[in-house]
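A look at the structure
Given next are the chains, with one letter for each unit.
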Amino acid sequence: MIHFSKLIRQGQGLAPALLKRAASITLDWDVRQKSRFESTDSAGRQVGVFLQRGQVVRGGDVLVGEDGSLLKVVAADQAVLRITHCTAHGTPFDLTRAAYHLGNRHVPIELQADHLKIEPDHVLADMLRAMHLIVNEVHERFEPENGAYGEHGGGHHHGHGHGHDDAHGHDHHSHAHHDHGHDKSNVPQPHVHGPHCDHDHSHAHGHDKPQA
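Since the model is a prediction, treat every value here as computed from it, not as a measurement.

Per-chain confidence: the protein chain averages 79 in pLDDT, with 69% of residues scoring 70 or above. A low-confidence stretch, residues 152-205 stays under pLDDT 50, and its non-local contacts, those more than four residues away or across chains, total 51 contacts.

Here's what the structure looks like:
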């Protein structure tokens, strides 16, 4: 087994010719979020990955082995829920509201300009459809955001480059995402259907039509 303990984000600085010859390894998010795992690469070799605790592996990253060999990481397609806003009964802002509620539940989310992705969860899917969002299960790559205090520079393709340290006075414990004890008067709430609601309830829930 070849051990890999060095990670080069998106293969930065490596010659294209080297990357072209390198073997690859295809992994879903469940594996890539771990800093230590074993797998088999495209050349049939057994590989063991041993990164620093807290590091996650993104599609496009390159691992460097103890023998100097390179290993390209490919994000595997996997089952995810693709969430878009309903043009008939909502607005694009509904995605912002959805991200807020999912974030309060510490759900890993991939944020895109016109959609969100989360791992399959029928309870969350029902909640999102009740908020006039369209939820479809698809097989696509999943690259969720890192947490606010996650690994710097390892986020979803946009490392900020500036390292926040404790000198800024950020108290990590002061940002606890708990519902109890907070005034929710200013928190956007999902629309609740009532007896005088003008929405056609039958639209729900065609909110799971197949993607093109």
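The subject of this paragraph is the packing of aromatic side chains. Aromatic ring pairs are reported here in terms of the distance separating the ring centres and the angle at which the planes meet. Counting across every chain of the model gives one aromatic pair. When the centroid spacing of 6.4 Å and the interplanar angle of 85° are considered together, the rings of Trp 29 and Phe 142 count as edge-to-face. Within this pair, whereas Trp 29 is found in helix α2 (residues 29-32), its partner Phe 142 is found in the segment after β10 (133-140), the two being separated by 113 residues in sequence. You'll find Trp 29 and Phe 142 in the same group, each marked buried.

On to helix α4 (residues 122-130), then. Residues Leu 124, Ala 125, Met 127, Leu 128 and Arg 129 constitute the buried set of α4. On its buried face, α4 sits against β7 (78-85), α3 (93-104), β9 (116-118) and β10.

Moving on: the packing of α3 against α4. Where α3 meets α4, the axes come as close as 11 Å, and the angle between the chain directions of the two elements is 150°. Regarding α3 and α4, the two cross each other, and that crossing is right-handed. Across the interface between the two elements, Ala 98, His 101 and Leu 102 from α3 touch Leu 124, Met 127 and Leu 128 from α4. The residue inventory of the contact of α3 with α4, partitioned by class, reads five nonpolar, one polar and no charged.

The terminal C-alpha atoms of α3 lie 17 Å apart, and with 12 residues this matches the ideal 16 Å at 1.5 Å per residue to within 8%. Those residues of α3 that are buried are in contact with β7, β9, α4 and β10. Two residues or fewer past α3, His 106 is found with a positive phi of approximately 60°.

Right, let's talk about the pattern of salt bridges for a bit. Pairing between side chains of opposite charge can happen when the charged atoms of each approach one another. On inspection of all chains with the given rule, the structure shows nine salt bridges. Where Asp 61 meets Arg 9, a salt bridge forms, and the shortest distance between an N and an O atom there is 2.5 Å. You can see Asp 61 sitting in the loop between β4 (46-50) and β5 (62-65) and its partner Arg 9 sitting in the loop between β1 (2-8) and α1 (16-21), a full 52 residues away along the chain. Arg 9 matches Asp 61 in its accessibility class, with the two residues each being buried. As a salt-bridge pair, Glu 110 and Lys 117 come within 3.8 Å of each other at their nearest N and O atoms. Lys 117 shares its class with Glu 110; the two are buried. Overlapping salt bridges bring together Arg 82, Glu 110, Lys 117 and Glu 140 as one network.

So, on to the sheet that holds β9. The strand order β8-β9-β7-β10 describes an open sheet built from four strands, whose pairing is antiparallel. Both edges of this open sheet fall to β8 (110-111) and β10, since each of them pairs with a single strand only. In this sheet, β10 lies alongside β7 in antiparallel orientation, the contact comprising eight bridges. Residue Gln 78 lies in a different strand from β10, and its bridge partner there is Glu 140.

A word on the nonpolar core. Within the largest apolar cluster, 16 residues are counted, with the highest numbers of intra-cluster contacts made by Ile 83, Leu 102, Leu 116, Ile 118, Leu 128 and Leu 133. If you list the elements that add at least two residues to this core, you get β7, α3, β9, α4 and β10. Top contributing element to this core by residue count: α4, with four residues. Excluding residues within four positions of it along the chain, Ile 118 makes contact with Val 80, Leu 81, Ile 83, Leu 102, Val 107, Pro 108, Ile 109, Leu 124, Leu 128 and Phe 142.

Criteria and thresholds
Along every chain, residues carry numbers that run from 1 in the direction the sequence is written. Under the rules for a predicted model, residues below a pLDDT of 70 receive no local features and side-chain atom pairs below 80 are neither given nor counted, while totals for whole chains, interfaces and linings still include all residues. Side-chain metrics in this entry use all non-hydrogen atoms of the structure; hydrogen atoms and water are not considered. Values of pLDDT, ranging from 0 to 100, describe the predictor's confidence in every residue of the model. Here, residues are in contact when the closest pair of their heavy atoms is within 4.5 Å. Between rings of Phe, Tyr and Trp, where Trp is taken as its six-membered ring, a pair exists when centres lie within 6.5 Å; planes separated by under 30 degrees are stacked, by over 60 edge-to-face, and by other angles tilted. By the criteria applied, helices consist of DSSP H or I runs no shorter than four residues and strands consist of E runs no shorter than two, each listed in order from the N terminus. The rule is simple: take the accessible area with a 1.4 Å probe, protein chains only, and divide by the maximum for that residue type; under 20% is buried, over 50% is exposed, in between is partly exposed. Lines fitted to the C-alpha atoms define the axes, with helices restricted to the stretch that makes contact. Angles between their N-to-C directions range from 0 to 180 degrees. Put simply, a crossing is left-handed when the front helix is turned counterclockwise from the back one by less than a right angle, and right-handed when it is turned clockwise. Under the scheme applied, nonpolar residues are Ala, Val, Leu, Ile, Met, Phe, Trp, Tyr, Cys and Pro; charged residues are Asp, Glu, Lys and Arg; polar residues are all the others, including Gly. For a helix, the expected span equals 1.5 Å multiplied by the residue count minus one. Think of a salt bridge as a Lys or Arg side-chain nitrogen and an Asp or Glu carboxyl oxygen that are within 4 Å of each other. We call two strands paired when DSSP finds no fewer than two bridges between them. As used here, the term nonpolar core means buried Ala, Val, Leu, Ile, Met, Phe, Trp, Tyr and Cys residues forming a set that is joined through side-chain atoms within 4.5 Å.

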